[in-house]
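Residue strings, one per chain:
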Amino acid sequence: MSFKIIDGKEIADSLRGELAKKADQYSKKYGKKPTLAVVKIGDNPATKIYVNMKEKACNDNGIEFIGHYHEKISEEELIELIENLNNDEKVNAILVQLPLPEDIDDNEIIEKINPEKDVDGFTYYNVGSMYTGTERLLPCTPLGVIRMLERSGIEIEGKHAVIIGRSNIVGKPLAALFLKRHATVTVCHSRTKNLKEHTRNADILCAATGVPKMVKASMVKKGAVVIDIGISRVDGKVVGDVDFDNVKEKASYITPVPGGVGPMTITMVIHNTLQAALSQKGEYL
Ligand SMILES: NC(=O)c1ccc[n+]([C@@H]2O[C@H](COP(=O)([O-])OP(=O)(O)OC[C@H]3O[C@@H](n4cnc5c(N)ncnc54)[C@H](OP(=O)(O)O)[C@@H]3O)[C@@H](O)[C@H]2O)c1
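Residues numbered from 1 in each chain as written. Predicted model: local features only at pLDDT ≥ 70, side-chain atom pairs only at ≥ 80, totals over all residues. Heavy atoms only, no water.

> I'd love a proper account of the overall build of the protein, names of residues and values included.
Check the secondary structure of the protein and you find 10 helices and 11 strands. Relative to the globule expectation of 19 Å for 285 residues, the C-alpha radius of gyration of the protein, 19 Å, shows essentially globular dimensions. With respect to the three principal axes, the spread of C-alpha positions in the protein is 55 × 40 × 40 Å. Of the contacts made within the protein by residues no fewer than 6 positions apart, 70% connect residues no fewer than 24 positions apart. As presented, the protein carries roughly 13800 Å² of accessible surface, and 49% of it is formed by carbon and sulfur atoms. Of the side-chain charges in the protein, 38 are positive and 39 negative, and the distance between the mean point of each set is 7 Å. (Helix = DSSP H or I, 4+ residues; strand = E, 2+ residues; numbered from the N terminus. Rg over C-alpha atoms; globule rule 2.2 N^0.38 Å. Contact = heavy atoms within 4.5 Å. Areas by Shrake-Rupley, 256 points an atom, 1.4 Å probe, with all protein chains shown as cover. Lys, Arg positive; Asp, Glu negative; His and termini not counted. Charge placed at Lys NZ, Arg CZ, Asp CG, Glu CD.)

This is the structure in structure tokens:
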């Protein structure tokens, strides 16, 4: 079957161009750029790479990026930093790069962020809004997947979306976004029995497990749309959750790794920063 590769980088670049124009209009109107403050604690190399990618994307697209980097910090000091950022009128959006060091409770810290500045959409207020159907600031990776499907002209309404993975940052919020867009949703996880029976029913199959190449061709219905969210390193190479070379032959659309969902996630950080900045002025993106 002929398949189409969804080029996440191309879609992300086109969205970034549109967002950069809007960021420029905001800067001209309000005399300052939309501003994102990023808090990074510790010296995890993977965390450093993600933060650098976000910094570059912001700098290239009209968003001011302010980094607050600390090798070590106590929970009290971190809470004080977040409160200062909440009160800083220049800062429109705050991102605390997870995971935090083990001695700091991720949830406790995230909850200190003003929901209006919560660029990752992780505070209970934004999560609750999402589940009750009022979408405010939405988690970047699930939002990136939805935007990617929309830009590729793939209809969601009435489709059966099957998600493998139920994390709070990817699987669960993605399920909520699909439901809101009238898909029928199945969420699978490590305790799901007969995983293949579920995945083979998917019109849209999304994998977010972190298990390299776990989605095999036999798990995919002919003509399915396959979205690979996973990122793993195997022998120094970045690979996804999908056995791309074999699965592509059955798919109608498929995302590559790298160059699929990853660039969309970073683009949604820009999107959400701009959305936060505008809504703080009573405007909408
Ligand atoms: N592309 C991007 O921009 C982006 C952004 C975020 C994350 N990611 C990547 O996406 C992947 C998932 O991230 P995450 O934060 O959601 O990970 P996570 O918190 O570790 O969650 C993984 C999920 O996969 C499920 N799972 C693990 N092995 C499974 C198996 N063999 N069969 C079925 N389900 C299985 C787990 O089930 P249980 O709940 O039962 O344990 C869990 O729900 C990672 O590779 C991560 O690097 C990519």
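Structure shown, so let's carry the discussion forward.
> I'd like a description of the pattern of salt bridges, backed by residues and values.
A complete count under the given rule lists 11 salt bridges for this structure. When the shortest N-O distance is used, the salt bridge between lysine 90 and glutamate 64 registers 3.2 Å. Within this pair, whereas lysine 90 is found in the loop between helix 3 (75–87) and strand 4 (93–96), its partner glutamate 64 is found in strand 3 (residues 64–70), the two being separated by 26 residues in sequence. The salt bridge partner of arginine 147 is glutamate 150, with a shortest N-O separation of 3.1 Å. One end of the pair is arginine 147 and the other is glutamate 150, both in helix 6 (residues 140–151) and three residues apart, which spans about a single turn. The exposure class of glutamate 150 is partly exposed, given its relative accessible area of 41%. Residues joined in a network through salt bridges with shared partners are Glu135, Arg147, Glu150 and Arg181. (Salt bridge = Lys/Arg side-chain N within 4 Å of Asp/Glu carboxyl O. Buried < 20%, exposed > 50% of the residue type's maximum accessible area, 1.4 Å probe, protein only.)

> Report on the site of the ligand, specifying residues and quantitative values.
Surrounding the ligand, one finds 20 residues, the nearest of these being Arg166, Ser167, Ser190, Ile231 and Thr265. Within the side chain of serine 167, one N or O atom sits 2.5 Å away from an oxygen atom of the ligand. Measuring from an oxygen atom of the ligand, one finds a side-chain N or O atom of serine 190 at 2.5 Å. Against a free-state accessible area of 930 Å², the protein chains account for coverage of 69% of the ligand. Here the element with the most residues in the shell around the ligand is helix 10 (residues 261–279); it accounts for three residues. Along the lines of polarity and charge, the residues of the shell around the ligand split into nine nonpolar, 10 polar and one charged. (Near = heavy atom within 4 Å. Polar contact = N/O pair within 3.5 Å; in protein donor to acceptor, adjacent residues only side chain to side chain. Nonpolar A, V, L, I, M, F, W, Y, C, P; charged D, E, K, R; others polar.)

> Go over the pairing of strand 7 (residues 204–207) with me, naming the residues and quoting the values.
Residues of strand 7 alternate between two faces, with Ile204 and Cys206 on one and Leu205 and Ala207 on the opposite face, all of them buried. Across four bridges, the pairing between strand 5 (residues 160–164) and strand 7 is parallel. Across the sheet, the residue bridging to alanine 161 is isoleucine 204, located in strand 7. (Pairing = 2+ DSSP bridges.)

> How would you summarise the sheet that holds strand 4 if you had to cite specific residues and measurements?
Pairing is parallel across the open sheet formed by three strands, whose spatial order is 3-2-4. Among the strands making up the open sheet, the edge pair consists of strand 3 and strand 4. The average angle at which neighbouring strand axes cross in this sheet is 15°, direction not considered. Helix-sheet contacts for helix 2 (residues 45–60) involve strand 2 (35–41), strand 3 and strand 4, and the interaxial angle to strand 3 is about 160°. (Axes fitted to C-alpha atoms, helices over the stretch in contact; angles between N-to-C directions.)

> Give a detailed account of the side chain of serine 129, specifying residues and quantitative values.
Note on placement: serine 129 falls in helix 5 (residues 124–131). Apart from residues lying up to four places away in sequence, serine 129 is in contact with Thr134, Glu135 and Arg136.

> Account for the state of the cysteines, naming residues and giving values.
For the structure shown, the criterion picks out zero disulfides. The structure places no disulfide on cysteine 140, whose sulfur is separated from the nearest cysteine sulfur, that of cysteine 58, by 10 Å. This cysteine, cysteine 188, is not joined by any disulfide, and cysteine 206 carries the nearest cysteine sulfur, 11 Å off. (Disulfide = S-S within 2.5 Å.)

> Explain the packing of helix 6 against helix 7 (residues 171–180) to me, and be specific about the residues and the numbers.
Packing of helix 6 against helix 7 brings their axes to within 8 Å, and their N-to-C directions diverge by 40°. As judged from the angle between their axes, helix 6 and helix 7 are oblique. In the crossing of helix 6 with helix 7, the sense of the turn from one axis to the other is right-handed. Contacts between helix 6 and helix 7 pair Pro142, Leu143, Val145, Ile146 and Leu149 from the former with Pro173, Leu174, Leu177 and Phe178 from the latter. Each residue belonging to the contact of helix 6 with helix 7 can be placed in one class, and the counts come to nine nonpolar, no polar and no charged. (Parallel < 35°, antiparallel > 145°, perpendicular 65-115°, else oblique. Left-handed = near helix turned anticlockwise from the far one by under 90°.)

> Now, about the domain arrangement of the protein: what can you tell me, with residues and values included?
As assigned here, the protein comprises domain 1 (31–115) and domain 2 (140–262). On a C-alpha basis, the centroid separation for the pair domain 1 and domain 2 is 29 Å. (Domains from an automatic or database assignment.)

> I'd like to hear about helix 1 (residues 8–30), residue by residue, with values.
Taking 1.5 Å per residue, 23 residues should reach 33 Å; helix 1 reaches 32 Å between its end C-alpha atoms and fits that length. Listed as buried for helix 1 are Gly8, Ile11, Ala12, Leu15, Arg16, Leu19, Ala23, Tyr26 and Ser27. At the N-terminal end of helix 1, a side-chain oxygen is found 3.1 Å from the backbone nitrogen of lysine 9, two or three residues along, and the residue is aspartate 7. Following helix 1 by one or two positions, glycine 31 has its phi on the positive side, about 70°. (Expected span 1.5 Å × (residues − 1).)

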